[in-house]
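Each chain, letter by letter, is given below.
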Amino acid sequence: MDALYVSDLSKAFGGAKALSDVTVSVKAGEIHGLVGRNGSGKSTLIKILSGYHAPDSWGAFQVAGKVAELPLTPGQPASLGLSFVHQDLGLLSTLSVLENFRVGRYKAASLGRIKWRNERRHVTRVLDSFGLHVSLDDTIGQLAPVDRALVAIARALSDASEHEGGTLILDEPTSFLPRDGVEKLFSGMRRVAAEGLGVVFVSHRLEEILSITDRVTVLRDGRNVGTVDTPGLEEDDLIEMILGERVEQSYASSGGTLGGVKLSISHLSGPGIHDLSFDVREGEILGLTGLAGMGHEAVVYLAFGAQRASEGSVTLEGREMAARSIEPRAAIEAGFALLPGDRLHSSGVGSLPVSYNVSLPVLGRYFRGGWLRERVEIGEVEALIRGLDVRPPDPTRILGSLSGGNQQKALLGKWLQTRPKALLLDEPSQGVDVAARKEIFSQVRALATEGAAVVISSTDWEDLAHVCDRVLIFRYGRIVAEVGSDSISEEKLIELCYSTATRE
Amino acid sequence: MAAVAESSARSKPPRPSFGVYVERYGIIAIWALIAIIFSLLRPQSFATLTNLKTILGTQAVLLVLTLGLLVPLTVGEFDLSVASMMSFAAIVVAELSGVHHLNLILSILVTLAIGVGVGLLNAFVVVRLGVSSFITTLGVGTLLGGLSYGISGSVTIGAVPSVLLTFASKLIFGLPLAFYYGVLLCFAVWYVFQHTPLGRHLVFVGEGREIAQLSGLPVRRIRTGSLIVSALVASFAGLLQAGVVGAADPGAGTSFLLPAFAAAFLGATAIRPGRFNAWGTFVAVYFLVTGITGLELLGYTGWVQDVFYGGALVIAVALGRVVANSRVKSR
């Protein structure tokens with residue numbers, strides 16, 4: 001019996017077909033991967049399953065043998081046995097772990113007293129079973145991102161396992177997780193599958209798909225181009241199915257000649273960082289990595305003044321700034337640019353047009369004769385985003401309506417046009433599809449070739465291995481290893497991150 | 001806006017849909033409709049030139065006050081002290097020039113300086129100390145209201161210099177000067193909001209403070225400035241109020257607070273839906289006043305104003321939410 005079966009599903013937005021005649025079946029006890037580029041129809045499919053969108057037409061729909069009509073009404077997915085973990089996790093950051101866990105699920109009549117003692121015992125048991133050791137009374141906001149994600153996942157997993165059969169759908173839950181968090185998540189997924197539920201796993205990280213799933217369904221341009229068994233599947237074949245053509249899985253190669261020292265960080269200290277010093281040369285792309293919470297993720301924010309450093313200095317092209325007093329404004333003036341990791345919170349406003357977001361740092365250019373020349377602005381932004389292959393290349397669309405990869409390309413363009421001398425990026429490929437990733441990194445390489453210093457902080461070791469000239473590995477706020485271009489490989493980085501993470 | 005429409009016409013099917021027009025200009029149609037209804041019901045009193053002038057003239061102060069309020073609202077800050085600031089300014093100028101016979105120009109300058117001072121006080125507590133603007137300005141507003149009663153001895157000050165009356169109420173083409181100040185301020189706000197980089201910056205600070213900060217905008221200065229502008233404009237509205245009424249009533253402010261917010265939020269559903277904007281506010285102020293004047297002429301006096309403004313505020317914010325939701329959903 002299928003844990004989830006939906007056939008001949010179609011959905012169009014305006015004139016554009018988002019899904020055409022898609023059929024998906026997930027077996028009970030199976031972990032089923034769902035992959036495709038941004039805009040391939042994955043999100044639409046999931047939003048139909050969660051009742052957010054109504055399909056235009058469909059053939060059959062059932063969950064664990066229970067037949068239902070589409071569209072689903074609110075609450076119906078849950079009663080059928082469908083549970084979801086979305087990318088944004090759906091947690092309330094000011095409430096405690098316990099409250100988040102039990103909202104809407106209290107074992108009491110609606111006006112009855114909540115039996116907190118029982119609730120606590122139950123939640124503790126569930127969290128323990130996922131290897132999560134957090135205090136039930138901490139608010140979600142106090143937790144590390146990893147633990148936050150795990151709480152959301154544990155909550156959904158426990159909901160899912162309360163049903164007789166059903167399906168748990170995880171929509172890019174690993175985007176914000178470091179590798180060690182991913183392992184915890186995977187063991188949870190295997191547990192749920194072992195109980196006879198179906199698990200649907202959506203991810204851009206193909207190596208994760210290959211390592212955890214039993215079968216994979218690939219969507220391309222709204223069609224199901226194939227559901228294949230994972231064992232024996234090669235990454236190249238999967239990429240070919242996703243893109244529709246075989247592409248060299250390579251990025252703009254490094255190996256240009258490096259100039260003198262362009263950017264120096266010396267004796268930098270701040271939250272998560274102790275007495276850190278390193279140099280970046282002209283034309284160099286430097287990677288910073290480590291397991292989550294090891295401090296590498298704080299460096300770019302400290303250097304840019306987005307977080308307050310306690311000590312040290314930052315020198316760009318011979319101009320020294322005391323790290324303690326750097327403001328983003330001054331950093332930008334000195335020639336820095338920062339592309340933050342949290343896209344719609346720190347990087348661009350989703351409800352405003354692409355043109356507004358992209359032109360923000362250079363808006364003064366379009367203010368001539370006492371008038372903001374919006375037509376010129378839109379023309380130049382359009383040329384810029386066309387050059388970055390943003391789809392659709394329409395500056396008047398609101399940023400939030402683009403897919404993650406296209407948002408990131410546009411926001412990279414926002415900073416590239418300022419011709420920065422030093423470009424700082426945090427997790428630039430998070431939630432970005434393979435093709436957009438390639439575009440982003442080749443643009444970054446082009447900027448470096450022109451003489452800029454680039455610093456990328458990331459836990460995507462595959463990307464770092466492809467893109468960087470040099471990678472620094474962090475542990476507890478300090479650099480513990482350095483890998484030069486001749487010896488960078490994904491395996492090497494993984495090995496260094498994990499091996500140094502065990503305390504002596 | 002014209003440029004936006006033109007460019008999208010190049011790449012995609014042209015013309016904003018009918019729905020967009022309804023959204024932008026629907027309020028004007030409703031405005032016209034209620035004006036016609038009242039004209040038919042009360043042809044003798046409502047549909048007269050005198051009444052039109054009264055409507056345009058008397059509410060100019062509310063228009064000015066609301067336009068000042070748009071600035072902090074756009075930046076994402078509340079300023080609940082504007083109405084009390086207005087009546088406080090009226091009391092101060094009347095007390096200084098009328099009662100103590102201080103030079104009028106000097107009195108006006110002192111009054112405006114007090115406005116700047118109150119704005120700085122709000123900004124210090126909100127921006128520097130990080131307290132919510134809602135609570136801060138609620139407190140400061142109440143404080144100013146109390147001071148107004150204290151200074152005036154809880155009575156209306158009737159001694160307003162005649163120059164101030166002329167400054168506010170002199171009729172040009174049958175309309176008081178105050179109305180023209182309101183229109184001028186509309187142009188100024190429209191220009192800054194829509195045609196200068198500063199206007200964009202205000203929107204970014206309001207919609208994504210962290211993003212604005214990381215893009216190099218002087219966020220603290222913008223937030224501080226917005227609270228100073230609203231207090232300064234409110235004290236200017238106070239001068240006008242004293243000049244229009246010919247007296248300074250310490251309790252006048254309270255009846256302006258809700259109408260100002262109602263007009264600002266209702267204005268944000270029209271002309272440029274989803275944004276606080278000058279011409280939307282202009283339309284909203286006079287839309288609300290037309291409704292109230294009509295109802296009063298029908299004999300519903302006294303209580304009808306509160307019911308109308310309160311209802312309008314709730315409907316405006318609800319409408320704004322519905323519009324925003326439908327946009328997100330249509331993607």
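Keep in mind the model is a prediction, meaning the values are calculated, not measured.

So, how was this worked out
Residues numbered from 1 in each chain as written. Chains lettered and ligands numbered in written order. Predicted model: local features only at pLDDT ≥ 70, side-chain atom pairs only at ≥ 80, totals over all residues. Domains from an automatic or database assignment. Contact = placed C-beta atoms within 7 Å. Helix = DSSP H or I, 4+ residues; strand = E, 2+ residues; numbered from the N terminus. Nonpolar A, V, L, I, M, F, W, Y, C, P; charged D, E, K, R; others polar. Buried ≥ 20, exposed ≤ 12 C-beta atoms within 10 Å, placed from the backbone. Pairing = 2+ DSSP bridges. Axes fitted to C-alpha atoms, helices over the stretch in contact; angles between N-to-C directions. Core = buried A, V, L, I, M, F, W, Y, C linked by C-beta atoms within 7 Å.

Novice: Mind showing me how you'd approach the domain arrangement of chain A here?
Specialist: When the parts come together, some accessible area is lost, and that loss is often what is quoted as the size of the interface. All names here are of chain A. The domains assigned to chain A are domain 1 (2-243), domain 2 (251-335 + 422-504) and domain 3 (350-419). Computed over C-alpha atoms only, the centres of domain 2 and domain 3 are separated by 26 Å. Counting residues at the interface gives eleven residues for domain 2, matched by eleven residues for domain 3. No other element matches helix 15 (residues 434-449), which puts five residues into the side of domain 2 that touches domain 3. A breakdown of the residues in the side of domain 2 that touches domain 3 according to their chemical character gives seven nonpolar, two polar and two charged.

Novice: I keep staring at the environment of A:His204 and nothing clicks. Help me out?
Specialist: Residues and elements named next belong to chain A. Relative to the assigned elements, His204 resides in the loop between strand 8 (198-202) and helix 7 (206-212). Exposure remark for His204: the 26 C-beta atoms within 10 Å place this residue in the buried category. C-alpha of His204 to C-alpha of Asp426: the two residues are 222 residues apart in sequence and 18 Å apart in space. Among residues more than four places away in sequence, those in contact with His204 are Glu172, Gly431 and Asp433.

Novice: In this structure, what is going on with the environment of A:Leu384? I would like to understand it.
Specialist: Residue and element names in this part refer to chain A. Following the sequence through the fold, Leu384 ends up in helix 13 (residues 374-387). Residues Leu384 and Ala28, spaced 356 residues apart in sequence, show a C-alpha to C-alpha distance of 48 Å. Setting aside residues no more than four positions away along its own chain, Leu384 makes contact with Val358, Gly413 and Gln417.

Novice: It is not clear to me how the sheet that holds strand 20 (residues 453-457) of chain A should be interpreted in this structure. Could you clarify?
Specialist: Within a beta sheet, neighbouring strands are joined by backbone hydrogen bonds and run either parallel or antiparallel to one another. All names here are of chain A. Strand order in the open sheet formed by six strands is 16-19-20-13-21-22, and the pairing between neighbours is mixed. Looking along the sheet, the strands with just one partner apiece sit at the ends: strand 16 (336-339) and strand 22 (478-484). Strand-to-strand, the axes of this sheet are offset by a mean angle of 20 degrees, without reference to chain direction. Bridge count for strand 19 (residues 422-426) against strand 20 is five bridges, and the pairing is parallel. Along strand 20, the bridge assignment pairs Leu424 with Val455.

Novice: Any chance you could explain the pairing of strand 9 (residues 215-220) of chain A here in plain terms?
Specialist: On a regular strand, one side chain projects to one face of the sheet and the next to the other, so that they alternate. All names here are of chain A. Bridging between strand 3 (residues 31-35) and strand 9 involves four bridges; their strand directions are parallel. Each residue of the ladder has a partner; that of Val35, found in strand 9, is Val218. Linking strand 9 to strand 10 (residues 223-229), which pair antiparallel, is a turn of two residues; within it Asp221 sits at a positive phi near 50 degrees.

Novice: Where do I start with the environment of B:Val99 in this structure?
Specialist: Residues and elements named next belong to chain B. Structurally, Val99 is set in helix 5 (residues 82-99). On the neighbour-count criterion, Val99 (15 C-beta atoms within 10 Å) is partly exposed. Residues contacting Val99, with those up to four places away along its chain left out, are Ala94, Ile157 and Ala159.

Novice: How should the pairing of strand 13 (residues 285-289) of chain A be read in this particular structure?
Specialist: Residue and element names in this part refer to chain A. The buried fraction of strand 13 is high, at five of five residues. Side-chain alternation along strand 13 places Ile285, Gly287 and Thr289 on one buried face and Leu286 and Leu288 on a second face that is also buried. Examined bridge by bridge, strand 13 and strand 20 share four bridges and lie parallel to one another. What sits directly across from Ile285, in strand 20, is Val454.

Novice: Can you help me understand the nonpolar core in this one?
Specialist: One recurring pattern in soluble globular proteins: nonpolar side chains tend to sit buried together. Membership of the largest hydrophobic core comes to 179 residues, with the highest contact counts inside it found for A:Leu424, A:Val454, B:Val64, B:Leu65, B:Leu240 and B:Ala260. Counting residues per element, this core draws most heavily on helix 12 (residues 219-245) of chain B, which supplies 15 residues. Here this core spans two domains, since at least three of its residues come from each of domain 2 (251-335 + 422-504) and domain 3 (350-419) of chain A. Setting aside chain neighbours within four positions, we find A:Leu424 in contact with A:Val300, A:Ala303, A:Phe304, A:Phe336, A:Ala337, A:Leu338 and A:Val455. Of all hydrophobic cores here, the second largest spans 60 residues; its members include A:Ala64, A:Val97, A:Val151 and A:Leu168.

Novice: Before we go on, may I ask you to explain the sheet that holds strand 15 (residues 319-322) of chain A in this structure?
Specialist: Residues and elements named next belong to chain A. Across the sheet, which stays open at both edges, the four strands sit in the order 12-11-14-15 with antiparallel pairing between neighbours. Edge positions in the sheet fall to strand 12 (273-281) and strand 15, since each has one partner strand and no second. The mean angle between the axes of side-by-side strands here comes to 15 degrees, regardless of whether they run parallel or antiparallel. Both strand 11 (residues 261-270) and strand 14 (residues 311-316) contribute to a ladder of five bridges, which runs antiparallel. Each residue of the ladder has a partner; that of Leu263, found in strand 14, is Leu316.

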